[in-house]
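One letter stands for each residue in the lines below.
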Amino acid sequence: MSTATVPPLNGSVGASSSQRRPVARFLQDEIQDGHLHPYMNGHSNGNGADSDSQLSDSGSTTSSTANGSRLRRPAMSRKASSPMAPTFMVSAPGKVIVYGEHAVVHGKAAMAAAISLRSYLLVTTLSKSQRTITLNFRDLGLKHTWDIDALPWDVFHRADKKKFYYSLVTSLDDELVEALEPHLKDVSIDIPEEQRKPHVRSALAFLYLFCSLGSPQSPGAIYTLRSTIPTGAGLGSSASVCVCLSSALLLQIRTLAGPHPDQPPDEAETQIERINRWAFVGELCIHGNPSGVDNTVSAGGKAVFFKRTDYEKPPTVISLPTFPELPLLIVDTQQTRSTATEVAKVLSLKKAHPVVTESILDSIDQVTCSACQLIETPDFDGTSDETMSHFGTLIRLNHGLLVSLGVSHPRLERIRELVDYADVGWTKLTGAGGGGCAMTLLRPDAKPEVIQELKDKLASEGFNKYETTLGGDGIGVLYPAVLRNGSDEEGGEEIDQQKFEEAEGHIGIEQLVGVGFHEKREGWKFWKRAAA
Ligand SMILES: Nc1ncnc2c1ncn2[C@@H]1O[C@H](COP(=O)(O)OP(=O)(O)O)[C@@H](O)[C@H]1O
Ligand SMILES: C[C@@](O)(CCOP(=O)(O)O)CC(=O)O
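Residues numbered from 1 in each chain as written. Chains lettered and ligands numbered in written order. Predicted model: local features only at pLDDT ≥ 70, side-chain atom pairs only at ≥ 80, totals over all residues. Heavy atoms only, no water.

Focus: the overall build of the chain
For step 1, the next point in the chain: If you tally the helices and strands in the chain, you get 13 helices and 20 strands.
For step 2, the next point in the chain: Residues classed as buried in the chain amount to 58% of the 532 residues present.
For step 3, the next point in the chain: Across the chain, every contact between residues at least 6 apart in sequence was considered, and the portion connecting residues at least 24 apart equals 76%.
For step 4, the next point in the chain: For the chain, the computed accessible surface area is about 21400 Å², with 53% contributed by carbon and sulfur atoms. (Helix = DSSP H or I, 4+ residues; strand = E, 2+ residues; numbered from the N terminus. Buried < 20%, exposed > 50% of the residue type's maximum accessible area, 1.4 Å probe, protein only. Contact = heavy atoms within 4.5 Å. Areas by Shrake-Rupley, 256 points an atom, 1.4 Å probe, with all protein chains shown as cover.)

Structural data, given as structure tokens:
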């Protein structure tokens, strides 16, 4: 077990209110730099802190710390010119929350695991003369280009605002959001307002990260995203997109070490943490009030116990290397909903009925902690009937509590009803609910023909099912974007903008670049969380 801090697993930690988000407060952590990304060879100084700072007369650079004081540090020689970075890719998984969604927003525990559905981001660097960045969220139909020089660098780089690649940002800065607003007004201007909102939020997430981590000297680039995770279905699509954006931008400013196969686990953990911190900022832009569990499991992969009682501090994250590969059936209601709306519903229930709601959230906490205690018993056998039945009962209890919170949906209840009727397992909604997906833990003794009958019935009623395995890798890098792919091209097949855009559907994406179902695909490298 690898732990950031050790929490009591008895569910007794006091509730922390998430209704109030602290005014922007940024804690500079003690992580020391010193690991430059080995692949990168550009001209920024590699600390991501002041790549636009001027060389001073004395030959040292001046930069501002988070608290506004000025630091002088030895000059680093700059190259007169730098080669263009090659096209590269990053990829991050979606997740299922096995226990604890919604409660986790209110300071309770959750358990979540990465899945094999993933997002893929291709970064194409432009020639020096092209001073633009393009966000190409192809699945959403969002494509927008900004002039780098026109972005509000003056505000983002002001001494009292400037953040660093290692900063812990726990809330959005209103003034920074305001400074970006003029740059968002033309985004997807031609589509209806309801559809446009998620586009604007996605663009805000991208620009907020770009302006926080980049500089006026950042190279022009095209950021093209494709995903095999259904959008807004409770499988963590937004977090995986934010993890991709955060890691790509941190790689571009050369503040990440690795990934490489013999990287010490604690060093890998530091990189995952840096990526995760900025992914959380992206989630703040998209959701408003995320707990951080989605981006945490997406960044680090496998499975985690997660709890955040104080939003101004990092959460407690316990890696669960013995998390079993549960036989899960994930069924999509195809009913769209937004996480932000479902989270807001629970918040208003809590306002109207504070005592009752708090006790439901506490019960969910106990459910999660009971599952965690079981996993941590020394002779834990993830495949035994006893374990399955314990997990299953907790899944049923968790769903009932979520229904009480008002975040289920008739279509989710229909899935549960069909599974209960077939008597093949235990079902709960996963993610924000209000539609989205249900997960069923299948009984080990369930007859294959009965499961097949159930799947047919679900399909005939318009439900979609996902084949996915639990507990895969977190963020991965393909640098440069070249894969073997059995092609004749010398040195491998180059993944360029056009090929990536033209890959057909989820199968085409998987075939071209996918690591979801080919964990060992040559070229892709992953930061691995410490396992013990
Ligand atoms: N394929 C995608 N391409 C770009 N952005 C995406 C994609 N899928 C999801 N997103 C982002 O995530 C948001 C959906 O987030 P959310 O409602 O929380 O759903 P989920 O439960 O899947 O995380 C979208 O509005 C968009 O900002
Ligand atoms: C409801 C919640 O607990 C999970 C939301 O998951 P998703 O966005 O539906 O994948 C919210 C959160 O943890 O931020």
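What to know about the site of ligand 1
For step 1, the next point in the chain: Around ligand 1, the surrounding shell holds 20 residues, and the nearest of these are Asp139, Ser202, Ser237, His287 and Thr339.
For step 2, the next point in the chain: Within the backbone of Gly234, one N or O atom sits 3.1 Å away from an oxygen atom of ligand 1.
For step 3, the next point in the chain: His287 places a side-chain nitrogen or oxygen 2.5 Å from an oxygen atom of ligand 1.
For step 4, the next point in the chain: Relative to its unbound accessible area of 560 Å², ligand 1 is 94% covered by the protein chains.
For step 5, the next point in the chain: Sorting the residues of the shell around ligand 1 by element identifies α3 (193-213), β10 (221-227), α4 (237-252) and α5 (265-287) as the ones contributing at least two each.
For step 6, the next point in the chain: The element best represented in the shell around ligand 1 is α4, accounting for three residues. (Near = heavy atom within 4 Å. Polar contact = N/O pair within 3.5 Å; in protein donor to acceptor, adjacent residues only side chain to side chain.)

Structural notes on the sheet that holds strand β14 (residues 425-430)
For step 1, the next point in the chain: Across the sheet, four strands lie side by side as β14-β15-β13-β16; this open sheet has antiparallel pairing. The open sheet has two edge strands with one neighbour each: β14 and β16 (464-466). The sheet shows a mean angle of 30 degrees between the axes of neighbouring strands, direction not considered.
For step 2, the next point in the chain: The sheet contact formed by strand β13 (residues 328-332) and strand β15 (residues 437-442) spans five bridges and is antiparallel. Pairing of Leu329 across the sheet is with Thr440, part of β15.
For step 3, the next point in the chain: Against the sheet, helix α10 (residues 410-422) engages β13, β14 and β15, with an angle of about 170 degrees to β14. (Pairing = 2+ DSSP bridges. Axes fitted to C-alpha atoms, helices over the stretch in contact; angles between N-to-C directions.)

A short note on the packing of α5 against helix α6 (residues 293-300)
For step 1, the next point in the chain: Following both chains from N to C, one finds α5 and α6 inclined at 145 degrees, their axes separated by 9 Å at the closest point. Pair α5 / α6 crosses with right-handed handedness. Two secondary-structure elements touch here, α5 through Ile272, Asn276, Ala279, Phe280 and Glu283 and α6 through Asp294, Asn295, Thr296, Ala299 and Gly300. (Left-handed = near helix turned anticlockwise from the far one by under 90°.)

Quick notes on helix α7 (residues 339-352)
An α-helix turns once every 3.6 residues. As a result, residues three or four positions apart point the same way.
For step 1, the next point in the chain: Given a rise of 1.5 Å per residue, 14 residues ought to cover 20 Å, and the 20 Å separating the end C-alpha atoms of α7 matches this to within 8%.
For step 2, the next point in the chain: Inspection of α7 places Glu342, Val343, Val346, Leu347 and Lys350 among the buried residues, and these make up the whole buried set. An end-on view of α7 places all buried positions within 145 degrees of arc, on one side of the element. Those residues of α7 that are exposed and aimed more than 90 degrees away from the buried face are Lys351 and Ala352.
For step 3, the next point in the chain: Looking at the buried side of α7, the elements it contacts are α8 (354-376) and α9 (385-405).
For step 4, the next point in the chain: Residue Ser338 occupies the N-cap position of α7, its side-chain oxygen lying 3.3 Å from the main-chain nitrogen of Ala340. (Expected span 1.5 Å × (residues − 1). Arc of directions from axis to C-beta.)

As for the UniProt feature "domain: GHMP kinase C-terminal" (unreviewed entry) in the chain
For step 1, the next point in the chain: Per the UniProt record, "domain: GHMP kinase C-terminal" (unreviewed entry) is found at residues 390-458.
For step 2, the next point in the chain: Taken end to end, residues 390-458 is 58% helix and 17% strand, and its two terminal C-alpha atoms sit 26 Å from one another. (UniProt positions renumbered as here; feature names shortened; annotations may be inferred.)

Quick look at the pattern of salt bridges
For step 1, the next point in the chain: Taken as a whole and assessed by the stated rule, the structure comprises 27 salt bridges.
For step 2, the next point in the chain: One salt bridge in this structure joins Arg529 and Glu269, with 2.6 Å as the shortest N-O distance. Pair noted here: Arg529 is in the segment after β20 (525-526) and Glu269 is in helix α5, with a separation of 260 residues, a long-range link.
For step 3, the next point in the chain: The partly exposed category is assigned to Glu269, whose relative accessible area is 21%.
For step 4, the next point in the chain: Its salt-bridge partner being Asp423, residue Arg443 comes within 3.3 Å of it at the nearest N-O pair. Here Asp423 lies in the loop between α10 and β14 and Arg443 lies in the loop between β15 and α11 (448-460), a separation of 20 residues in the sequence.
For step 5, the next point in the chain: Judged by relative accessible area, which is 26%, Arg443 ranks as partly exposed.
For step 6, the next point in the chain: Here the salt bridges do not stand alone but share partners, grouping Arg158, Asp160, Lys161, Asp173 and Glu175 into one network. (Salt bridge = Lys/Arg side-chain N within 4 Å of Asp/Glu carboxyl O.)

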